[in-house]
There are 2 protein chains.
Amino acid sequence: MTASALYKQILRKQSFLCVGLDSDQRQLPACVANEAEPLWAFNKAIVDATAACAVAYKPNTAFYEAAGSAGWQQLEKTVRYIRRQHPDVFIIADAKRGDIGNTSRRYAEAFFETLDVDAVTLSPYMGRDTVQPFLEYPGKWAALLALTSNASATDFETLPVNGGGTIYETVLQKSKEWGTVDNMMYVVGATQAAMLTAIRKIVPQHFFLVPGVGAQGGSLEEVARYGMNDQCGLLVNISRDILFGDSSDSFAVAAAAKAKEWQRKMSLLMVNLRACYQSKIH
Amino acid sequence: MTASALYKQILRKQSFLCVGLDSDQRQLPACVANEAEPLWAFNKAIVDATAACAVAYKPNTAFYEAAGSAGWQQLEKTVRYIRRQHPDVFIIADAKRGDIGNTSRRYAEAFFETLDVDAVTLSPYMGRDTVQPFLEYPGKWAALLALTSNASATDFETLPVNGGGTIYETVLQKSKEWGTVDNMMYVVGATQAAMLTAIRKIVPQHFFLVPGVGAQGGSLEEVARYGMNDQCGLLVNISRDILFGDSSDSFAVAAAAKAKEWQRKMSLLMVNLRACYQSKIH
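Being a predicted model, the structure only gives us computed values, none of them experimental.

Parameters at a glance
- Counting starts from 1 at the beginning of each chain's written sequence and moves along it residue by residue.
- Chains carry letters and ligands carry numbers; both start at the beginning, A for chains and 1 for ligands, and go up in the order they are written.
- The model is predicted, so local features are restricted to residues of pLDDT at least 70 and side-chain atom pairs to those at 80 or more, both for listing and for counting; the totals for chains, interfaces and linings are taken over all residues.
- Residue burial here comes from a neighbour count, namely the number of other C-beta atoms, placed from the backbone, that lie within 10 Å of the residue's own C-beta, with 20 or more meaning buried, 12 or fewer meaning exposed, and in between meaning partly exposed.
- Note on conventions: DSSP H or I runs of at least 4 residues are helices, E runs of at least 2 residues are strands, and numbering of each starts at the N terminus.
- Crossovers are described as right-handed under a simple rule: with the strands pointing away from the observer, the path leading from the first strand over the helix to the second runs clockwise.
- A helix is expected to span 1.5 Å for every residue after the first.
- Residue pairs qualify as contacts under a 7 Å threshold applied to their C-beta atoms, which are placed from the backbone.
- Only strands that DSSP links by at least two bridges are regarded as paired with each other.
- Lines fitted to C-alpha atoms define the axes, with helix axes restricted to the stretch in contact, and inter-axis angles between N-to-C directions lie between 0 and 180 degrees.
- By the convention adopted, Pro, Cys, Tyr, Trp, Phe, Met, Ile, Leu, Val and Ala count as nonpolar, Lys, Arg, Asp and Glu as charged, and the other residues, Gly among them, as polar.

### Some words on the pairing of strand β3 (residues 90-97) of chain A
Residue and element names in this part refer to chain A.
So, step 1. Of all the eight residues making up β3, eight are buried; the element is thus mostly covered by neighbouring parts of the structure.
So, step 2. The alternating pattern of β3 places Phe-90, Ile-92, Asp-94 and Lys-96 on one face and Ile-91, Ala-93, Ala-95 and Arg-97 on the opposite face, and all of these are buried.
So, step 3. With helix α6 (residues 101-114) bridging β3 and the parallel strand β4 (residues 119-122), this β-α-β connection has right-handed handedness.

Quick look at the structure:
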């Protein structure tokens with residue numbers, strides 16, 4: 001999918017919502033917990049309930065690997081289901097992979113051929129050759145970690161490097177030359193929204209995948225104010241707030257309502273910001 | 001497993017060989033390629049052929065994920081087999097994971113409970129809370145990326161940080177406080193052997209997991225000269241040279257011979273270096 005195709009979907013749905021399928025087996029509602037494939041049963045219900053409001057889904061591999069190969073199977077089923085039912089939706093495997101070149105090639109195959117998602121989150125630590133194989137698949141994306149939403153982001157990411165800037169800024173500066181706005185996006189945590197202005201100066205046109213809004217305390221309004229560009233440029237991920245707001249038999253109805261609530265907020269922010277942007281350029 | 005139990009095994013086998021189970025489906029010998037579970041058939045033969053000379057096995061998850069859930073199943077079978085047949089052997093999942101705290105907890109569960117390996121390789125980029133959950137399992141280890149063996153290691157790992165040292169040295173300095181020599185080791189690439197002296201000054205007692213010897217061109221002798229400590233402190237990983245030296249029906253016999261060859265070299269290096277160390281302290 002190109003950046004402009006993603007933007008078109010955002011305009012059509014008036015939403016830049018990414019639903020994080022962090023389907024934690026220990027938190028599933030009782031009505032699906034006893035299914036033979038509980039992660040899959042839960043995901044199917046969540047996808048059916050939220051697809052009208054979501055432009056992307058982001059399963060985090062940790063929650064599937066915790067259930068072993070049976071979990072991986074349910075991840076495969078989930079991706080196939082989204083592909084079949086909602087072929088225009090963008091699917092991101094939140095896997096945070098990263099390895100030397102020939103091994104990264106196998107990861108790219110795992111995610112872009114075998115599993116067939118649109119994007120994979122990657123760690124930049126080992127440098128360019130860990131990312132390059134993912135950029136060789138037309139229409140597929142690398143979502144590179146830049147500034148994350150966790151407290152320990154200050155351990156390394158925000159350290160100043162000799163010659164100016166922090167480690168995460170150096171990651172942005174270097175890596176923006178590796179791909180294009182059609183095959184690279186960046187993970188930028190919402191808990192760091194104030195830093196988005198400076199980040200937008202380095203990568204004005206790239207999409208940002210933004211975790212940390214909702215349960216982690218980041219503000220959607222701030223993310224939109226500081227991070228949105230003229231093609232929206234944002235995929236804001238919400239997981240727990242949509243997935244685990246209601247543990248009764250009506251969990252999917254509650255998830256649909258939550259997703260709709262986020263979509264409405266996003267729609268309003270898009271109107272305001274597009275108007276603001278239009279007034280600036282005319 | 002404690003560091004001293006690992007050292008005892010190293011002394012007993014006169015070897016610090018870790019066999020990297022980078023079982024690339026495209027490179028398997030014809031005689032196993034058509035098996036229903038080719039990765040498992042290959043791994044079983046390799047483990048049987050090399051266990052006398054190896055103290056550790058390191059399957060890299062990329063090669064299993066490339067085959068989807070069926071690949072993950074064969075990884076599970078491989079780990080169970082090693083556990084049953086060679087209960088003293090150390091098993092490292094080379095997964096290079098790393099995520100925020102609650103997600104890392106699920107990765108720790110995936111690798112230490114569901115899959116049941118002894119160690120997992122982790123990326124330090126997101127900081128301490130990505131590593132912490134792995135340190136809470138008695139007898140299990142986090143193997144943290146420090147300086148890797150790929151060419152792009154110079155993109156970020158070796159950049160100088162304000163206040164002194166490089167990024168990878170900062171990773172070593174900070175992270176050595178997070179765990180102990182019994183639950184943390186470091187990935188240090190053999191292609192950077194000359195840097196091992198400086199690295200040993202920062203973390204004199206920790207085990208190093210050393211990739212890059214063999215096919216990637218690193219020198220075993222240099223790794224031993226600059227990296228060995230009084231408890232050996234090294235697990236040197238060899239993958240392709242042992243796995244794919246012979247693609248005939250006799251691949252396992254060839255792998256056994258190669259493993260024996262590496263073990264002999266290691267045994268010699270241990271004798272020399274132990275003698276040298278003994279003469280220094282007496």
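### Focus on helix α5 (residues 68-85) of chain B
So, step 1. Between its first and last C-alpha atoms α5 of chain B spans 26 Å; for 18 residues at 1.5 Å apiece the expected length is 26 Å, and the two agree.
So, step 2. Residues Ser-69, Gly-71, Trp-72, Gln-73, Gln-74, Leu-75, Thr-78, Val-79 and Ile-82 of chain B constitute the buried set of α5 of chain B.
So, step 3. Buried-residue contacts for α5 of chain B involve α5 (68-85) of chain A together with β1 (17-21), α3 (38-50), β2 (56-59), α4 (61-65) and β3 (90-97) of chain B.

### A short note on the sheet that holds β3 of chain B
Residue and element names in this part refer to chain B.
So, step 1. In space, the eight strands of this closed barrel follow the order β1-β2-β3-β4-β5-β6-β7-β8, with parallel pairing throughout. Averaged over all pairs of adjacent strands, the angle between strand axes in this sheet comes to 30°, irrespective of strand direction.
So, step 2. Taken together, the three bridges between strand β6 (residues 184-188) and strand β7 (residues 207-210) define a ladder with parallel strand orientation. Across the sheet, the residue bridging to Val-187 is Leu-209, located in β7.

### Concerning the interface of chain A and chain B
So, step 1. Contacts between chain A and chain B engage 51 residues on the former and 52 residues on the latter.
So, step 2. Of all the secondary structure elements, the ones that give two or more residues to the side of chain A that touches chain B are α4 (61-65), α5, β3, α6 and α7 (167-175) of chain A.
So, step 3. Among the elements that line the side of chain A that touches chain B, the one with the most residues is α6 of chain A, at seven residues.
So, step 4. Residues belonging to the side of chain A that touches chain B are distributed by class as follows: 21 nonpolar, 17 polar and 13 charged.

### A closer look at the environment of Pro-59 of chain A
Residues and elements named next belong to chain A.
So, step 1. Among the secondary structure elements, Pro-59 is positioned in strand β2 (residues 56-59).
So, step 2. Note on Pro-59: 26 C-beta atoms within 10 Å, which makes it buried.
So, step 3. Ignoring any residue separated from it by four or fewer positions in sequence, one finds Pro-59 in contact with Leu-21, Tyr-64, Leu-75, Thr-78, Ala-93 and Asp-94.

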